[in-house]
Amino acid sequence: MSKVVWLTDPHLVAPGHEPPQGVDPLPRLRAALAEAAALHADAARIVLSGDLVQLRNPEAYRLLREELERVRMPFRLLVGNHDDRAQLLDAFPETATVDGFIQSAEDLGDVQMLYLDTLAHDGKHHGELCPTRLQWLERQIAAADERPLLVFQHHPPCDIGVPALDRLRLLDNTGLARLLKARRAPTHLFCGHVHRNVSGRWAGHPFATLKSLHVQLAFDMRQPRLVYSDEPPGYGVILVDGGDIVVHHRDLPA
Ligand SMILES: [Fe+2]
């Protein structure tokens with residue numbers, strides 16, 4: 001059985017910077033990493049699915065590196081709409097890239113991993129997968145075998161019924177849908193960005209989103225603007241056993 005610890009949207013700020021929404025992200029990240037180290041040190045990977053730092057906080061990447069190195073577990077990083085590829089690579093130069101995008105594939109033995117880069121080209125907050133990224137993804141999916149495939153990306157690919165979030169999803173999802181529909185073997189999509197636990201099925205496969213390690217976004221199906229909520233932060237634990245995939249959602253004390 002393989003275990004993956006899934007964290008998302010820590011929105012770290014550099015020391016001395018104003019905490020977003022009045023909440024310091026650092027103690028929440030530390031709580032999740034401490035629990036991961038204590039209870040899930042057997043995990044094959046910690047995956048952070050983007051918004052690693054708050055917008056325009058390049059020094060926060062070094063802080064993230066210090067925190068991750070302390071737990072001594074292998075990790076993989078994705079970019080979100082608050083991230084900057086060059087700044088991330090400056091602090092984490094070992095990060096795999098393809099054609100300048102922070103995406104990669106990894107074989108963990110009994111599970112195959114894909115880490116996608118859905119950052120928009122012009123600094124916008126919605127998600128994009130341009131032809132270059134989709135062509136790479138097409139090759140990866142064609143090369144994948146019958147073992148479960150876990151696909152991580154920051155932006156969810158479909159509407160979830162919360163208008164403020166739906167306008168910021170992966171807007172053109174047709175390429176991704178076509179590629180996923182062509183795959184029959186066990187496949188699961190994992191997305192950040194939503195700052196809520198949501199699950200469902202899209203393009204023939206299950207997907208899940210996850211609470212932020214920082215603050216949550218309200219379950220508001222009417223408001224066109226983003227509304228924050230005081231729900232506690234959380235993280236996920238993914239178990240893969242043969243063709244079976246289990247996703248746990250764990251809340252942390254706020
Ligand atoms: Fe976020």
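It should be emphasised that the depicted structure is a prediction, and the values quoted were computed from it without experimental measurement. Numbers given for residues are sequential positions, taken from 1 along each chain in its written order. Residue-level local features of this predicted model are given only where pLDDT is at least 70; pairs of side-chain atoms are given and counted only at 80 or more, and the full residue set underlies all totals for whole chains, interfaces and linings. Only hydrogens and water are set aside when side-chain values are computed; all heavy atoms of the structure are taken into account.

J.: How do you make sense of the pairing of strand E4 (residues 104-107) when you look at a structure like this?
T.: Strand residues, when the strand is regular, have side chains that alternate between the two faces of the sheet. Residue alternation in E4 divides its side chains into a buried set, Ser104 and Glu106, and an unburied set, Ala105 and Asp107. Strands are labelled as partners when DSSP assigns at least two bridges between them. Numbering of helices and strands runs from the N terminus; a helix is a DSSP stretch of H or I covering at least four residues, while a strand is a stretch of E covering at least two. In this structure, E4 lies alongside strand E5 (residues 112-115), joined through 4 bridges in antiparallel fashion. The residue of E5 that forms the bridge with Glu106 is Met113. When accessible area is computed with a 1.4 Å probe and restricted to protein chains, residues below 20% of their type maximum are described as buried, those above 50% as exposed, and intermediate ones as partly exposed.

J.: Help me out: how do you make sense of the coordination of the iron ion in this one?
T.: For a metal with four tetrahedral donors the ideal donor-metal-donor angle is 109.5 degrees, whereas six octahedral donors ideally subtend 90 or 180 degrees. Because water is not among the atoms used, a metal site may look incomplete, as its donors are only the N, O and S atoms within 2.8 Å, or 3.2 Å for Na, K and Ca. Ligation of the iron ion by protein atoms is provided by Asp9 (OD), His11 (NE2), Asp51 (OD) and His195 (NE2), these donors lying 2.0 to 2.3 Å from the ion. In this scheme the shape depends on donor count and angles: four donors with every angle between 85 and 135 degrees give tetrahedral, four or six donors with opposite pairs above 155 degrees and others between 65 and 115 give square planar or octahedral in turn, and any other case is irregular. Considering all 4 donor atoms around the iron ion, angles at the metal cover 87 to 177° and the coordination shape is irregular. When the donors of the iron ion are listed by position in the chain, the intervening gaps give D-x1-H-x39-D-x143-H. Per residue, the accessibility class of Asp9 equals that of His11, and both read buried.

J.: How should the nonpolar core be read in this particular structure?
T.: Generally speaking, a soluble globular protein has its nonpolar side chains buried in company with each other. Nine residue types can take part in a nonpolar core, namely buried Ala, Val, Leu, Ile, Met, Phe, Trp, Tyr and Cys, and a core is a set of them joined through side-chain atoms within 4.5 Å. Formed by 33 residues in total, the largest nonpolar core has its most connected members in Leu7, Ile46, Leu64, Leu77 and Phe92. Broken down by secondary-structure element, the contributors of at least two residues to this core are strand E1 (2-7), helix H1 (25-39), strand E2 (45-48), helix H2 (60-71), strand E3 (75-77), helix H3 (85-91) and strand E12 (234-241). For this core, the element with the highest residue contribution is H2, accounting for 6 residues. For this analysis, residues touch if any pair of their heavy atoms sits within 4.5 Å. Other than its neighbours up to four places away in sequence, Leu77 contacts Leu48, Leu52, Leu64, Leu68, Leu88, Phe92 and Ile102. Counting 21 residues, the second largest nonpolar core, distinct from the first, contains Leu114, Trp136, Ile141 and Leu170.

J.: How do you make sense of the UniProt feature "domain: Calcineurin-like phosphoesterase" (unreviewed entry) in the protein when you look at a structure like this?
T.: UniProt positions are given in the numbering used here, feature names are shortened, and annotations may be inferred rather than shown by experiment. In the numbering adopted here, UniProt assigns the feature "domain: Calcineurin-like phosphoesterase" (unreviewed entry) to residues 3-196. Structurally, residues 3-196 comprises 30% helix and 15% strand, and the distance from its first C-alpha atom to its last is 21 Å.

J.: For this particular structure, what's the right way to read helix H6 (residues 174-181)?
T.: Given 3.6 residues per helical turn, the α-helix brings residues three or four places apart onto the same face. Inspection of H6 places Gly175, Leu176, Ala177, Leu179 and Leu180 among the buried residues, and these make up the whole buried set. On the buried face of H6, the contacting elements are helix H4 (131-143), strand E6 (149-153), strand E7 (187-191), strand E8 (198-202) and strand E9 (205-209).

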